[in-house]
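Read off the chains here:
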Amino acid sequence: MSNAMWDALAATPLPEVRRRAAIVDELAEVEPVTVTGARRLAWNDGGGQSAVWYFAEDGRVLLLTFDHESALNLYAEEDFALQESFYEGVPESLVTMVRDRPENYESLNLTDSATGRTIHYAGGVFWYDGTRWHVSDGLAEYCRREDADLFGESGFDYCLDVYRFGQDFTPETVVAIRDEDGSYEDENEMEADLPGVCEVFTRHG
């Protein structure tokens, strides 16, 4: 399994992954949430794409990605069993963080009509066991069966781009990217934004 973003994530020490997740969470103005045994940090682009991290107290992590324009967007399918299958192979103690939980902007719920149980929608389901990262068995199997581009269709590549794993991640790079995206009307506005971004980095130093 070869993917540049996956390799960059795997090569990043967990404390640095969590630091970047916390910075991006604050810059995206997403409220961090404490769930049983974990801290939830997230990012969204305001257009339906998101990355959601659950950093468990025991050092494990659950990562969900979602791209509403991809083939792995199951929102319109209303297929609870298929969505739940994407979590196969992930320890149940991690899956409980997204099962029967209130939905939010980044993670809507799919409901099992037979039982009323819910689970969060996700095009990509990935997890960290304390030593290494894994693609969920269910997601990997579905992509093999359907001949789908796992990292592209799950939103993994797009949704993790903001974290710049394997690249410089500084206030200056954040502001430069915002400038490339057309966030500023002029250079003065860009320069005025930099101190605030620096403060966020300092808080998560």
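Residues numbered from 1 in each chain as written. Predicted model: local features only at pLDDT ≥ 70, side-chain atom pairs only at ≥ 80, totals over all residues. Heavy atoms only, no water.

Participant: Looking at this model, I keep getting lost on the overall build of the protein chain. Mind explaining?
Facilitator: Looking only at helices and strands, the protein chain has 9 helices and 8 strands in total. In terms of overall dimensions, the protein chain is globule-like: its C-alpha atoms have a radius of gyration of 17 Å, near the 17 Å expected for 205 residues. Projected onto its principal axes, the C-alpha coordinates of the protein chain cover approximately 55 × 35 × 35 Å. Within the span of the protein chain, comprising 205 residues, buried residues form 48% of the whole. Restricting the contact set of the protein chain to residue pairs at least 6 apart, pairs at least 24 apart contribute 60%. If you sum the accessible surface of the protein chain, you get close to 10100 Å²; carbon and sulfur atoms cover 46% of it. Looking at the protein chain, you have 15 positive and 42 negative side-chain charges, and the mean spots of the two groups are 9 Å apart. (Helix = DSSP H or I, 4+ residues; strand = E, 2+ residues; numbered from the N terminus. Rg over C-alpha atoms; globule rule 2.2 N^0.38 Å. Buried < 20%, exposed > 50% of the residue type's maximum accessible area, 1.4 Å probe, protein only. Contact = heavy atoms within 4.5 Å. Areas by Shrake-Rupley, 256 points an atom, 1.4 Å probe, with all protein chains shown as cover. Lys, Arg positive; Asp, Glu negative; His and termini not counted. Charge placed at Lys NZ, Arg CZ, Asp CG, Glu CD.)

Participant: Help me understand the pairing of strand S2 (residues 38-44), please; the structure alone is not making it clear to me.
Facilitator: Within a regular beta strand, the side chains point alternately toward one face of the sheet and then the other, so they alternate between its two faces. Of all 7 residues making up S2, 6 are buried, and the element is well covered by its neighbours. Taken together, strand S1 (residues 33-35) and the strand that follows it, S2, pair antiparallel across an intervening segment of 2 residues, in which Gly37 is found at a positive phi of about 80°. Looking at chain direction, S2 and strand S3 (residues 50-56) are connected through 7 bridges and run antiparallel. By the bridge assignment, Arg39 is partnered in S3 with Phe55. Between the antiparallel neighbours S2 and S3 lie 5 residues, among them Gly46 with a positive phi of about 75°. (Pairing = 2+ DSSP bridges.)

Participant: Quick question: what am I supposed to make of the side chain of Ser50 here?
Facilitator: Considering the arrangement of structural elements, one finds Ser50 in strand S3. Exposure remark for Ser50: the relative accessible area of 3% places this residue in the buried category. A polar contact is formed between the side chain of Ser50 and the backbone oxygen of Glu106, at a distance of 3.2 Å. When near neighbours in sequence (up to four residues on either side) are disregarded, Ser50 contacts Trp43, Asn44, Leu64, Thr65, Phe66, Glu106 and Cys159. (Polar contact = N/O pair within 3.5 Å; in protein donor to acceptor, adjacent residues only side chain to side chain.)

Participant: Mind showing me how you'd approach the nonpolar core here?
Facilitator: The tendency in soluble globular proteins is for nonpolar side chains to be buried side by side. Among the nonpolar cores identified, the biggest contains 66 residues, and Trp53 and Leu160 are the most heavily contacted of them. Considering every element that reaches this core, the biggest residue donor is S3, with 6 residues. (Core = buried A, V, L, I, M, F, W, Y, C linked by side-chain atoms within 4.5 Å.)

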